[in-house]
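Residue-level structure breakdown
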Amino acid sequence: WSKYVEQVYDLNIDVDISVTTDIDVSKDVIVLSYNSATTTDTDLVFLERNNPENVVAELDIGSGIFAIDATDDYVFVAANSTSSQFAVVDISNIQNPILVSTLPLTAVDSFGSYPQGRSIFFFEDKIYLGTKETAGPEFHVFDVTNPAFPFELGYIELTHNVNDIQVRDGIAYLATSADTQELIVVDVSLPWSMSERGYFNAGTFLANDRDATALYLIGNTLYMGRKRGSSLNPELYAIDISSSTSPVMLWSKYLSLSHHTSYVSGIARRGNVLFVSTHDQERGLILFNILNLSEIEEMVSVPDVAWSSFDIFEDKIYAPNGIDLSLSVIKSYEK
């Protein structure tokens, strides 16, 4: 593709799965999640990081998965379930992963509209979990000091999908489906008494404005991606959150996504390089040089893959294809 990236692996995963949804990578293992089509299909696949062609283990938790966040010993799961949206998997023995806990969400009607888990974030012995817009609260906080025995601390109703989550210093930043509040800021310092603290409106005030789909927080800058937009309604934003009550846009970028269902699926920053994955086969992964904020430079695009997510570990990018059952491992270089 260019002097910035090169393919290391491009492999198919031969297991009984359907749509790839998320990935998390540690020093030893690659964890992939799937929104399985049936209750008997595989939901989690564990690959050897140094040899991704080696499937170490598989696990069926009984429902599909929308998002995961993993530590060295546990995988925390936002499940596509109406009654057990939060699950914990013990991976201390990676050869034998064990489902150790499933929990329903407090005050969420399991027979209501779309109560499935959608996003998840682990930070300082707490799990932050978001759902689709439902008949009840869409944002929940759990204590996972003992991950095998989690318990819910609190919740707040937002009346919107919570598509991604970042948390720091008692503040949660939520990527939502709200037309005029794509970013909602919530005070989570007291999880049993949470409150909305601020918001950011991206793009226009039109009905069905593009949902926020991905977040990445570093320093006082929050990067936010959205569903496909237009030159007047861009998909990528850098937001100054120095004041969490009044986030301010630093810059935005139109990504020229090709399909009406395309969206930004992940964001990460390393040095002056911003990595943006898209669920768009024509754009794939995009690398930006953000050294000069007055002229954001697109360094390279890696097309032909509609990425559902990605993770960076050391100098490699690990990204599952959200359409077929393949995994790309890409080596990146500093400019």
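Residues numbered from 1 in each chain as written. Predicted model: local features only at pLDDT ≥ 70, side-chain atom pairs only at ≥ 80, totals over all residues. Heavy atoms only, no water.

With that out of the way, let us pick up the pattern of salt bridges. Tallied over the full model, the rule gives 9 salt bridges. Residues D209 and R226 are paired through a salt bridge, measuring 3.1 Å at the closest nitrogen-oxygen approach. On the criterion of sequence distance, the pair formed by D209 in the loop between β17 (195–200) and β18 (212–218) and R226 in strand β19 (residues 221–226) is long-range, its members being 17 residues apart. As far as the burial class goes, D209 and R226 line up, both buried. K316 is paired through a salt bridge with D315; the nearest N and O atoms lie 3.5 Å apart. Accessibility expressed as a relative area gives 23% for K316, which makes it partly exposed. Under the relative-accessibility criterion, D315 is labelled partly exposed at 26%. One salt-bridge network, held together by shared partners, links E182, D209 and R226. (Salt bridge = Lys/Arg side-chain N within 4 Å of Asp/Glu carboxyl O. Helix = DSSP H or I, 4+ residues; strand = E, 2+ residues; numbered from the N terminus. Buried < 20%, exposed > 50% of the residue type's maximum accessible area, 1.4 Å probe, protein only.)

Attention shifts here to the pairing of strand β11 (residues 126–131). Burial within β11 is extensive, with 5 of its 6 residues counted as buried. Both strand β10 (residues 117–123) and β11 contribute to a ladder of 6 bridges, which runs antiparallel. Across the sheet, residue S119 finds its bridge partner in β11, namely G130. The hairpin formed by β10 and β11 contains 2 residues between the paired strands, and E124 there has a positive phi angle of roughly 50 degrees. Of the strand pairs in this sheet, β11 and strand β12 (residues 139–143) are connected by 5 bridges, and their pairing is antiparallel. Bridge pairing links K126 to D143 in β12. (Pairing = 2+ DSSP bridges.)

Here we come to the side chain of S244. Counting through the fold element by element, S244 comes out in the loop between β20 (236–240) and β21 (248–253). You can call S244 buried: its relative accessible area is 9%. With sequence-adjacent residues up to four places away left out, S244 is seen in contact with I171, Y173, V185, R197 and G198. (Contact = heavy atoms within 4.5 Å.)

Residue placement: S332 occurs in strand β28 (residues 326–332). Note on S332: relative accessible area 15%, which makes it buried. Taking the C-alpha atoms as reference points, S332 and I312, separated by 20 residues in sequence, lie 9.5 Å from one another.

A few words now on the sheet that holds β18. Spatially, β18-β19-β20-β21 is the arrangement adopted by the 4 strands of the open sheet, whose pairing is antiparallel. The sheet is open, and its two borders are formed by β18 and β21, each paired with just one other strand. Averaged over all pairs of adjacent strands, the angle between their axes in this sheet comes to 20 degrees, without regard to strand direction. Bridge count between β18 and β19: 6 bridges; the pairing is antiparallel. Opposite A212, over in β19, you have R226 as the bridge partner. (Axes fitted to C-alpha atoms, helices over the stretch in contact; angles between N-to-C directions.)

On to the nonpolar core. In this structure, L274 and F288 are the most contacted members of the largest nonpolar core, which totals 31 residues. Of all the elements in the fold, those that place two or more residues in this core are β18, β20, β22 (264–270), β23 (273–278), β24 (285–289), β25 (297–302) and β27 (316–320). If near-sequence neighbours (up to four positions away) are discounted, L274 is found in contact with Y223, L236, W251, I267, A268, R269, I286, L287, F288 and I290. Grouped together as the second largest cluster of nonpolar side chains are 16 residues, V29, A57, I61 and V77 included. (Core = buried A, V, L, I, M, F, W, Y, C linked by side-chain atoms within 4.5 Å.)

Pairing within the open sheet is antiparallel, and its 4 strands lie in the order β22-β23-β24-β25. Two strands bound the open sheet, and with one partner strand each, they are β22 and β25. The average undirected angle you get between the axes of adjacent strands in this sheet is 20 degrees. Here β22 runs beside β23; their pairing, made up of 6 bridges, is antiparallel. Following the sheet pairing, G266 is matched in β23 by S277.

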